[in-house]
Structure formats: structure tokens, C-alpha cells
Amino acid sequence: MGANTSQLSELSESQSIRTLIGPDAVSENEPFWNQLISFTFTSPTCSQLFIWQAHNALFLVRCLLKVFIREMSEEELHLQFSYQERAPGTYDSICEDLLEELVSNLVHLIVEVPLLDITYNILFEAVTTLLVLLSYQLFHKEVLREGLIYGYLTRGRCLSLTSRLVKTLLYNFIRQEKCPPAAHVLQTQSDGGGLLYGLASGVASGLWSVFTLGGVGSRPGVEQDQNPLPLSSQSLLLLLVLANLTDGADCPNPYRQAVTCFKNTQDSSSIPSPQPHTFQINFNSLYTALYEQQKSDQVTLLLYTLLHQNSNMRTYILSRTDMENLVLPILEILYHVEERNSHHVYMALIILLILTEDDTFNRSIHEVMLKNISWYTERVLTEISLGSLLILVVIRTIQFNMTRTRVRPEPVTKTVI
């Protein structure tokens with residue numbers, strides 16, 4: 001690893017890596033640091049030296065953090081970022097909190113740097129590094145309600161950037177930008193994925209496993225193994241993790257507040273929002289992304305969260321005249337129930353429950369006629385209303401779950417919760 005092109009097989013023999021993990025301290029002014037971050041696994045494709053080296057530095061920090069978080073507590077991690085070399089007999093009571101500085105700079109990078117081909121990798125690294133910092137929950141059975149990283153994000157210097165961070169992560173999800181060819185600086189020659197995405201997917205899938213109580217999405221397939229939208233996927237996962245952080249003892253979760261109160265850009269209402277972290281976003285673009293990406297349980301959870309907690313988004317969705325675009329992917333999830341985990345199926349059912357609480361929705365779905373539903377293979381449906389298809393799929397889902405769990409039906413007079 002160094003200024004020349006490197007190979008993955010050479011990492012264990014790299015003198016720079018050996019120096020980095022060695023016992024000897026290296027001064028911050030040593031040329032070693034510039035050499036360390038001047039590596040590439042393929043030849044550089046752009047002349048943006050600063051962006052290239054900044055990405056490499058973040059990649060190294062993320063890899064080190066992944067090990068540190070697995071092996072030490074937050075307090076011990078904080079000490080790693082608080083080290084200062086002092087001469088014998090000298091004392092310095094002022095110690096800069098470099099861990100908070102790292103978290104703050106990562107958030108600033110995400111909200112300030114525009115998403116371009118040359119910045120794709122560095123934004124991906126920033127988002128994934130924040131996910132790594134939030135992964136302490138993976139190593140604790142109990143719910144973490146307090147912590148250094150939690151405090152930095154909810155009460156520290158990042159608090160003022162809450163709405164901008166949530167908005168940026170949502171737009172990363174909406175844009176669905178593919179990883180540009182020039183951004184595959186860590187891609188290997190032997191597989192279709194990349195080292196950049198591969199190393200991040202371990203933490204991401206681990207966090208998602210905890211987030212869904214052990215059920216990680218659908219059964220693994222090509223879509224999960226070779227994700228063409230790594231930044232979009234990681235941004236969505238970070239958004240969901242932030243929004244579901246527990247409330248602090250003295251303050252509510254600001255990211256949940258931001259997710260539950262944002263408004264449509266076309267909303268011309270001058271009534272100020274009582275929430276402190278509100279912002280505006282294009283509801284039409286968000287709605288389109290939600291129904292186009294419904295194959296993943298992360299997107300289903302986002303839709304459920306918005307329908308359940310954001311009254312502005314719920315009102316907008318129920319006012320749409322093309323509800324079949326959103327309902328059909330949900331019904332397809334339920335139709336292929338044997339390929340989904342119970343959490344995904346549960347969220348899909350709750351989404352339908354929320355939608356069917358609206359009388360206008362119930363009337364309109366019986367007026368929408370559908371033809372040739374390709375994914376419904378048990379019989380040929382030449383023409384059927386959306387409402388009838390909904391009833392048919394839900395009954396089939398109930399039948400499947402009763403058969404799988406071998407549960408005898410309860411009497412009609414009793415309510416099953």
C-alpha cells in the first residue's frame with residue numbers, strides 16, 4: 001500500500017500497514033501519512049488528488065473503526081481519539097475531542113458535498129462510516145439509550161444539521177444513483193461486486209439484522225449480492241437507524257422528529273410548524289421512489305414509518321389517483337410470502353391496514369380495473385379490480401400462515417392480536 005497501484009493479495013505484506021498497526025507512534029507531520037493514503041487498487045481515473053486521498057483516508061478509518069468497535073467499549077474508543085504525545089513531566093488539561101470532530105465532519109461532508117461521479121465514493125464512505133460508528137448496538141443485548149456517539153448526533157454540534165442530514169439521505173434514496181464506472185477504485189477483477197461495497201455490507205447487514213430482530217430481508221439473491229445502488233441503500237439504512245434511535249432522558253430523538261414532520265415542496269402554507277427540525281421535500285419524487293423500490297424490506301419500513309408517523313405524507317399518498325402503483329408492489333410482497341421473512345410480511349400487512357382505514361381509498365380501489373397480473377401465477381386473471389385482488393392476496397396470505405404455523409383458527413367472537 002502506498003503511492004503505487006496495490007493488489008489485495010499484497011495487503012498483508014504492506015510495510016505501510018505494518019507501520020500503521022505497529023506499536024511505535026508516528027508524528028502527524030511525517031510523510032508516512034501522505035504515502036499511506038496514496039494507494040489505489042486500480043489506476044486512478046481522475047486527477048482529483050484531494051478527493052482520492054480523502055476517500056482513501058476515510059476507507060482506512062472505517063476499517064479501523066470496525067475492529068475497534070468490535071473489541072472495545074465507547075469509552076476505550078474515545079481514548080484512542082484523545083491520545084496526545086506529551087513530554088515527560090508536562091500536563092495539558094485541554095484535550096480536543098477528536099471523536100466528536102470526526103462525527104461532526106462526517107455529517108458536514110454528507111450535507112455539504114454535492115453528489116457527483118467524482119464524489120460518489122467519498123459520500124458512500126462518509127455514510128458507511130457513520131453506520132459503523134452506530135453499530136455498537138450489534139454487540140449489546142440490551143437497547144442502548146445513551147452513549148458518546150448518540151450524544152454527538154442528538155445533542156452535540158450535529159444537532160443543528162438534523163433536518164439537512166435527513167433531507168440529504170432522503171434525496172440520496174430518491175435519486176437512486178448507480179455507482180459510476182469511474183468510482184470503482186476498490187473493485188477487484190475476480191468478482192462482480194467491489195471491495196468498497198463488500199466491506200461495508202457486513203456492518204450494514206448486521207445492523208439490519210438487529211433492526212429487524214434477526215430477519216434480514218428476503219432470501220439472498222442476485223439483487224442483494226450485487227447491489228448497483230450502494231449509496232442509495234446505505235443512505236436509507238442510515239436514515240432508518242437514526243430515526244429509530246431511542247429518545248434521550250431529557251430530549252426526544254431529533255431525527256425521528258425530522259422524519260415525521262417534513263412537508264411537500266408544493267405546500268404553500270404559511271403556518272409555521274411547531275417541530276424544530278422540519279423541512280420541505282418533493283413528495284412526488286419520494287412517492288415514485290417508494291413504489292419503484294418496494295422489493296426491499298428497508299423501503300417497506302420507510303413507507304410504513306411515513307404512513308404511520310408523517311401525517312403530511314399520509315395525506316398526500318391517500319390523495320393520489322394512481323394508488324395501484326403503490327399497492328401492487330405491496331400485494332406482490334404478500335403473494336410471495338414464502339420468500340419473505342415475517343417482519344417484511346408484517347410491515348406490508350400493516351401498510352394495507354393503514355391505507356384501508358380511509359373510506360375514500362376503500363371506494364377507489366374497487367374502481368381501478370387491472371389486467372393480466374403477471375406475478376399472480378395460480379390462475380389467469382384477465383381482469384380484476386384492485387380491491388378484489390387485495391382481498392384475494394390477503395386471504396391467501398392468511399391461509400399460508402395458518403398452514404405454516406399450524407394454528408387452529410380462533411372463534412369469530414375473539415380478537416387475535
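Residues numbered from 1 in each chain as written. Predicted model: local features only at pLDDT ≥ 70, side-chain atom pairs only at ≥ 80, totals over all residues. Heavy atoms only, no water.

Looking up the protein chain in an unreviewed UniProt entry gives the name Dymeclin, with the organism given as Cyprinus carpio carpio. Under Sequence similarities (unreviewed entry), UniProt gives the following word-for-word description of the protein chain: "Belongs to the dymeclin family." (UniProt positions renumbered as here; feature names shortened; annotations may be inferred.)

Quick look at the overall build of the protein chain now. If you tally the helices and strands in the protein chain, you get 19 helices and 4 strands. Counting over 417 residues, the protein chain shows a buried share of 46%. Here the analysis covers contacts within the protein chain between residues at least 6 apart in sequence; of these, 66% occur between residues at least 24 apart. Accessible surface, the protein chain: about 22,200 Å² in total, of which carbon and sulfur atoms supply 54%. (Helix = DSSP H or I, 4+ residues; strand = E, 2+ residues; numbered from the N terminus. Buried < 20%, exposed > 50% of the residue type's maximum accessible area, 1.4 Å probe, protein only. Contact = heavy atoms within 4.5 Å. Areas by Shrake-Rupley, 256 points an atom, 1.4 Å probe, with all protein chains shown as cover.)

Here we come to the packing of aromatic side chains. A full pass over the atoms with the stated rule returns 8 aromatic pairs. A centroid spacing of 5.4 Å and a plane angle of 70° characterise the contact between Y287 and Y291, whose relative ring orientation is edge-to-face. With Y287 and Y291 both in helix α13 (residues 283–292) and 4 residues apart, the pair spans about one turn of that helix. On the accessibility criterion, Y287 (0% relative accessible area) is buried. Measuring from ring centre to ring centre gives 6.3 Å for Y287 and Y316, while their planes differ by 80°; the resulting arrangement is edge-to-face. Of the two residues, Y287 sits in helix α13 while Y316 sits in helix α15 (residues 311–319), which places them 29 residues apart along the sequence. Y316 matches Y287 in its accessibility class, with the two residues each being buried. (Phe/Tyr/Trp six-rings, centres within 6.5 Å; stacked < 30°, edge-to-face > 60°.)

With that settled, consider α15. Of all the positions in α15, only M313, Y316 and I317 are classed as buried. Taken end-on, α15 shows its buried residues confined to a sector of 95°, consistent with a single buried face. For α15, the elements touching its buried residues are β1 (263–264), α13, α14 (297–309), α16 (324–335) and α17 (342–356). At the N-terminal boundary of α15, the capping side chain belongs to N310, with an oxygen 3.1 Å from the backbone nitrogen of N312. (Arc of directions from axis to C-beta. Polar contact = N/O pair within 3.5 Å; in protein donor to acceptor, adjacent residues only side chain to side chain.)

Where α13 contacts α15, the two axes come as close as 11 Å, and the packing angle between them is 75°. Relative to α15, the element α13 is oriented roughly perpendicular. Facing F283, N284, L286, Y287 and L290 of α13, the residues of α15 in contact are N312, M313, Y316 and I317. For the contact of α13 with α15, the per-class residue count stands at 7 nonpolar, 2 polar and no charged. (Axes fitted to C-alpha atoms, helices over the stretch in contact; angles between N-to-C directions. Parallel < 35°, antiparallel > 145°, perpendicular 65-115°, else oblique. Nonpolar A, V, L, I, M, F, W, Y, C, P; charged D, E, K, R; others polar.)

Under the definition given, this model contains 7 salt bridges. In this structure, the salt-bridge partner of E378 is R396, at a minimum N-O distance of 2.7 Å. Residue E378 is found in the loop between β3 (369–370) and β4 (384–385), and its partner R396 is found in helix α19 (residues 386–405); the two are separated by 18 residues along the sequence. Relative accessible area serves as the criterion here: at 49%, E378 is assigned to the partly exposed category. For R396, a relative accessible area of 18% corresponds to the buried category. (Salt bridge = Lys/Arg side-chain N within 4 Å of Asp/Glu carboxyl O.)

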